[in-house]
Amino acid sequence: NTSNRPEQFFSRRRASIYLNNALTCYNKKSSLREPAFFDHAEYRSIMIQIRNEEPRDYQRVEEITRKAFYNLYVPGGNEHYLVHIMRSHTDFVPELDFVLEADGALIGNIMYTKTRLIDEAGEEKNILTFGPVCIAQEYQRRGYGKLLLEHSFDRARSLGYDVIVIFGVPGNYVSRGFKSCKKFNVSLPDGTFPTSMMVLELQAGVLDGRKWVYHQSAVFEFDEQDAERYDETLEPMEKKYLPCQEE
């Protein structure tokens, strides 16, 4: 049972099968939306490994997260700071903290935290959210993100979780089974149903039509000034105003 192994290896043949599948990709910076098809022969020689993050990976994970998100939503970015503080938070799920290596190079990661839904009767349901999730810029649009997501979904099921709620660009996630939060009657505490909030049932029908309110982990409510100070300790990157920040 691969779900019980501390790490998962993808053989060259299996990697080729995964990567040969079409994946609809969305590049927010360039506003491209098109299917990306993978040349079977191109990936036949790549050894892909998905494993749990280790302390030796921390600097590299924060580096690729910073480069992937910097200037994407605002000038600069704080996603790498979130990664930095998330590991020590009580809601962090280390069993679902994965990195992806291609031929020994760490090129991507995904991190999960526990969060909750509360129904109208006050019943709480423990669920998951993930993020940041990213692939190093030079490896994007090749299907590696899909591998990370699918592997983490399988592992989450094996740990007994049955719902994931995220915020993101819908075009990135609908092909992975996510649907609008409104379809599952999951709202924010103010009663709104943001377009960016999506839900994935890892077990079909588990939300059973009740009205649910999403309450995020406190790890996401960090001090922006702390994030800014942490960013100043790293290699300088230019903060820019870009059109994609207006979306």
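The preceding data block contains the structure.
Bear in mind that the values here come from a model prediction, so they are computed numbers and not experimental data.

Caption draft 1: Local environment of the overall build of the protein. A count of helical and extended segments in the protein gives seven helices and 12 strands. Buried positions account for 47% of the 247 residues belonging to the protein. Residue pairs at least 24 apart in sequence account for 71% of intrachain contacts in the protein once pairs closer than 6 positions are excluded. As displayed, the protein offers around 12,600 Å² of accessible surface, 48% of which is attributable to carbon and sulfur atoms.

Caption draft 2: The pattern of salt bridges, seen in detail. In the structure shown here, the tally under the stated rule is 18 salt bridges. A salt bridge links Arg66 to Asp231; its shortest N-O distance comes to 3.0 Å. Placement of the pair is Arg66 in helix α3 (residues 58–69) and Asp231 in helix α7 (residues 224–231), with a sequence separation of 165 residues. In this pair, the class of Arg66 matches that of Asp231, namely buried. Asp119 is the salt-bridge partner of Arg210, the closest N and O atoms lying 2.6 Å from each other. Taken together, the residues span a long stretch of sequence, with Arg210 in the loop between β11 (197–201) and β12 (212–215) and Asp119 in strand β6 (residues 105–119) at a distance of 91 residues. Assessed through its relative accessible area of 7%, Asp119 is described here as buried. If you follow the salt bridges from partner to partner, you end up with Arg51, Glu54, Arg56, Asp57 and Glu101 in one network.

Caption draft 3: Geometry of the packing of aromatic side chains. Taken as a whole and judged by the stated rule, the model has 11 aromatic pairs. Relative to Phe130, the ring of Tyr112 has its centre 5.4 Å away and its plane inclined at 65°; by these criteria the two rings are edge-to-face. Of the two residues, Tyr112 is situated in strand β6 and Phe130 in strand β7 (residues 124–135); the sequence distance between them amounts to 18 residues. Residues Tyr112 and Phe130 agree in their burial class; the two are buried. Clustering of aromatic rings is evident, with ring pairs tying together Tyr112, Phe130, Phe153, Tyr173 and Phe178. The ring of Tyr58 carries the charged tip of Arg87 above its face, separated from the ring centre by 3.9 Å.

Caption draft 4: Focus on the pairing of β11. Taken across its five residues, β11 has five buried, putting it largely inside the fold. Covered by surrounding structure in β11 are Met197, Val199 and Glu201 together with Met198 and Leu200, the residues of both alternating faces. Pairing geometry for strand β9 (residues 179–180) and β11, over two bridges, is antiparallel. Paired with Lys179 across the two strands is Val199, which belongs to β11.

Caption draft 5: Inspection of the environment of Lys114 at higher detail. Within the secondary structure, Lys114 sits in strand β6. Sequence-wise, Lys114 and Thr129 are 15 residues apart; in three dimensions their C-alpha atoms are separated by 6.4 Å. The residues contacting Lys114, other than those within four sequence positions of it, are Thr90, Asp91, Val93, Ile127, Leu128, Tyr161 and Ser217.

Caption draft 6: Structural detail: the pairing of strand β4 (residues 48–52). Of all five residues that make up β4, four are buried, and the element is covered over most of its length. With five bridges connecting them, β4 and strand β5 (residues 98–102) associate as antiparallel partners. Paired with Arg51 across the bridge in β5 is Val99.

Caption draft 7: Representation of the nonpolar core in the model. Of all hydrophobic cores here, the largest spans 49 residues; its most connected members are Tyr112, Phe130, Tyr144, Phe153, Ile164 and Phe178. By residue number, the principal contributor to this core is helix α5 (residues 144–158), which donates six residues. Excluding anything up to four places from it in sequence, Tyr112 contacts Asp91, Phe92, Val93, Leu96, Leu128, Thr129, Phe130, Ser152, Phe153 and Ile164.

Caption draft 8: Layout of α5. With 15 residues, α5 ought to run about 21 Å at 1.5 Å a step, and its terminal C-alpha atoms sit 22 Å apart, in line with that. Taken residue by residue, α5 has Tyr144, Lys146, Leu147, Leu148, Leu149, His151, Ser152, Phe153, Arg155 and Ala156 as its buried positions. Positioned one or two residues after α5, Gly160 has a phi angle of 95°, which is positive.

Reading guide: rules and limits
Residues numbered from 1 in each chain as written. Predicted model: local features only at pLDDT ≥ 70, side-chain atom pairs only at ≥ 80, totals over all residues. Heavy atoms only, no water. Helix = DSSP H or I, 4+ residues; strand = E, 2+ residues; numbered from the N terminus. Buried < 20%, exposed > 50% of the residue type's maximum accessible area, 1.4 Å probe, protein only. Contact = heavy atoms within 4.5 Å. Areas by Shrake-Rupley, 256 points an atom, 1.4 Å probe, with all protein chains shown as cover. Salt bridge = Lys/Arg side-chain N within 4 Å of Asp/Glu carboxyl O. Phe/Tyr/Trp six-rings, centres within 6.5 Å; stacked < 30°, edge-to-face > 60°. Lys NZ or Arg CZ within 6 Å of the ring centre and 35° of its normal. Pairing = 2+ DSSP bridges. Core = buried A, V, L, I, M, F, W, Y, C linked by side-chain atoms within 4.5 Å. Expected span 1.5 Å × (residues − 1).

Nothing here speaks to function; it is geometry throughout.
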